[in-house]
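# Chain and residue survey
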Amino acid sequence: MRTLSAYIAQAGRQRLPAAVRERAKLHLLDTLAAMLSGSRLLPGRKAIEFAAAQGGKPEACVIGSRVVTSAITAALANGMHGHSDETDDTYYLALVHPGCSIVPAALAMAERNRAGGTALLNAMVLGYDVCARVSKALGIERFRSRGHSTHSFGGIFGSAAAAGAIAGVNGDQARYLLSYAAQQASGLSCWARDTQHIEKAFDFGGMPARNGVTAALMVAMGFTGVEDVLSGDRGFFHAFGATAQPARLVAGLGRGFEIMNTGIKRWPVGYPIQAPLDAVSNIIAAHGVGARDVERVVVTIDDQGARTVNARKMASINIQHLVAIMLLDGEVTFSSSHDERRVRDPAVLRLRERITLEGSEALGRTKTTQSIVEVVTRRGERLRHHTRAVRGSAANPMTREEVAAKARDLLLPVIGRARTERLIATVWGIERVRDLRALRPLLRA
């Protein structure tokens, strides 16, 4: 507790290494693009409707709308926008989606307190650190296998830390901040049964962002609480200690930054599908193969990923559907991965029947997101590609230009070309923004 609370208290004053600051900008743009595009999907539309009905003191904007409301409500709505579908970033090996809760929480608090761009970047980096470390300390997949949601637990603590940094909490207040986050920590991994992504958007983005901002505001207003919720009888690790390794929460803290281990998705689909799409695109590029040439396809990914994306009802997390789209179109875009007509397209359905998914325990033990794809052609050829580090992962990160290109695909239909280019330029120079309310004209409907 001493180590973590001190780290949170000094985060706002920290001078980030240039590479970390640059990575934070990439994740900021990627998450803003996810929120703006998500505001037009069903979970985002419901979140705007909810926020508009709440009223509240005008402290922060609800992205993709004209609503300005309390920081708590804005964080909830924007968090749901960020995970309205599968566009947002992910730290796959820690089983968390940091950006969809941490960026909305930090942005809402920054608007409320009229903080600037440097404060936002520092808060984000802190939030990513805490989010991933909480999931690791709880046991990651072992924790989720007991029915808990690592995405919610990590997001709540990460969002609270980010919002608390912008609120300027000191070391003692950081202790209380963690206690209020722990009391709100919840989430069940039955989110996988949500077929419309609305509750999932709340579980991954909206709830953690809302709870984090709530904790930060209470502590900033003088709320006190338990000084060491992490230790002792009936504390956090007492309650959730069956698979926990508490030392992982602070091991190496400050010497490495978890945002550097977080991936940005090259394609706007579920993360376990990134590597298979990479492998298929490489086979297409190397051999000129298309859907008409395919007899069958065998896709191998890690066991956990296979359970997540096998034959799902939602198109953007159905691996057979998206591999079929890649083979038919030669690419997967936001539009094609969300086109409900393609779900019923006879050509897609016929091709899906020839695509088999296998889970691999060995690939699950690797430190990168990998996939092996074998395509057997009608001529009897066997074409194989092993993606060992998918583009956008920590081991093979996307460039500034690639992230901007992805953002344009998401942003242009929502805010148009002129505002898209202004938003991208503003993020690249975010340190020059002194009051983040200046972003509102670029983020509204």
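This text gives an overview of the structure that appears in the document.

## A look at the packing of aromatic side chains
Pairs of aromatic rings are described using the distance from one ring centre to the other and the angle between the two planes. Using the criterion set out here, one finds 9 aromatic pairs in the structure. Between Tyr92 and Tyr271 the ring centres are 5.4 Å apart and the planes differ by 45°, which places this aromatic pair in the tilted class. A residue pair is termed long-range when its members are at least 10 positions apart, and Tyr92 in the loop between helix H4 (71–82) and helix H5 (99–113) and Tyr271 in the loop between helix H11 (236–239) and helix H12 (274–287) qualify at 179 residues. With respect to class, Tyr92 is no different from Tyr271; both count as buried. Pairing Phe157 with Phe236 gives two aromatic rings, centres 5.1 Å apart and planes at 65°, and the pair type is edge-to-face. Here Phe157 is found in helix H8 (residues 150–167), whereas its partner Phe236 is found in helix H11, with 79 residues between them in sequence. For the residue pair Phe157 and Phe236, the accessibility class agrees, reading buried in each case. For the cation-ring pair, Lys200 lies above Phe204, with the distance from its terminal atom to the ring centre recorded as 4.3 Å. Between the NZ or CZ atom of Arg400 and the centre of the ring of Trp428, over which it lies, the distance is 4.4 Å.

## Concerning helix H10 (residues 198–220)
Taking 1.5 Å per residue as the helical rise, H10 with its 23 residues ought to reach 33 Å, and the 31 Å between its terminal C-alpha atoms agrees with that figure. The buried count for H10 comes to 17 of 23 residues, which makes it a mostly enclosed element. Of the residues trailing H10, Gly222 is marked for its positive phi of about 100°.

## Some remarks on the packing of helix H9 (residues 171–184) against H10
Closest axis-to-axis distance for the H9/H10 pair is 9 Å, and the angle between their directions is 140°. The hand of the H9/H10 crossing is right-handed. Contact residues: H9 offers Gln173, Tyr176, Leu177, Tyr180, Ala181 and Gln184, while H10 offers Asn211, Thr214, Ala215, Ala216, Met218 and Val219. Here the residues of the contact of H9 with H10 are counted per class, giving 8 nonpolar, 4 polar and no charged.

## Things to note about unusual backbone geometry
The phi dihedral of Ile140 is positive, around 50°, even though this residue is not glycine. The topology assignment puts Ile140 in the loop between helix H6 (117–138) and helix H7 (141–145). Even without a glycine there, the phi angle at His197 is positive, about 70°. Tracing the chain through its elements places His197 in the loop between H9 and H10. On the basis of relative accessibility, which here comes to 1%, the residue His197 falls in the buried class.

Rules used throughout
- Throughout, residues of each chain are indexed from 1 in the direction in which the sequence is written.
- Totals for whole chains, interfaces and linings use every residue, but because this is a predicted model, local features are given only for residues with pLDDT of at least 70 and side-chain atom pairs only at 80 or more, for both listing and counting.
- With hydrogens and water set aside, each side-chain value is computed from the structure's full complement of heavy atoms.
- Aromatic pairs are defined between Phe, Tyr and Trp rings, using the six-membered ring for Trp, whenever the two ring centres lie within 6.5 Å; interplanar angles under 30 degrees are classed as stacked, those over 60 as edge-to-face, and all others as tilted.
- Under the DSSP-based scheme used, a helix requires at least four consecutive residues in state H or I and a strand at least two consecutive residues in state E, with every element numbered from the N terminus.
- Partly exposed residues are those whose accessible area sits between 20% and 50% of the maximum for their type, while under 20% is buried and over 50% is exposed, using a 1.4 Å probe and protein chains only.
- For a ring to carry a charge above it, either NZ of a lysine or CZ of an arginine must fall within 6 Å of the ring centroid while also lying within 35 degrees of the normal to the ring plane.
- Multiplying one less than the number of residues by 1.5 Å gives the expected span of a helix.
- Fitted lines through C-alpha atoms serve as axes, helices being fitted only where they are in contact, and the angles separating the N-to-C directions of these axes extend from 0 to 180 degrees.
- Crossing handedness: left-handed means the near helix sits turned counterclockwise from the far one by under a right angle, and right-handed means the same turn made clockwise.
- Whether two residues are in contact is decided by their heavy atoms, any of which lying within 4.5 Å being enough.
- When residues are grouped by polarity, Ala, Val, Leu, Ile, Met, Phe, Trp, Tyr, Cys and Pro land in nonpolar, Asp, Glu, Lys and Arg in charged, and all others, Gly among them, in polar.

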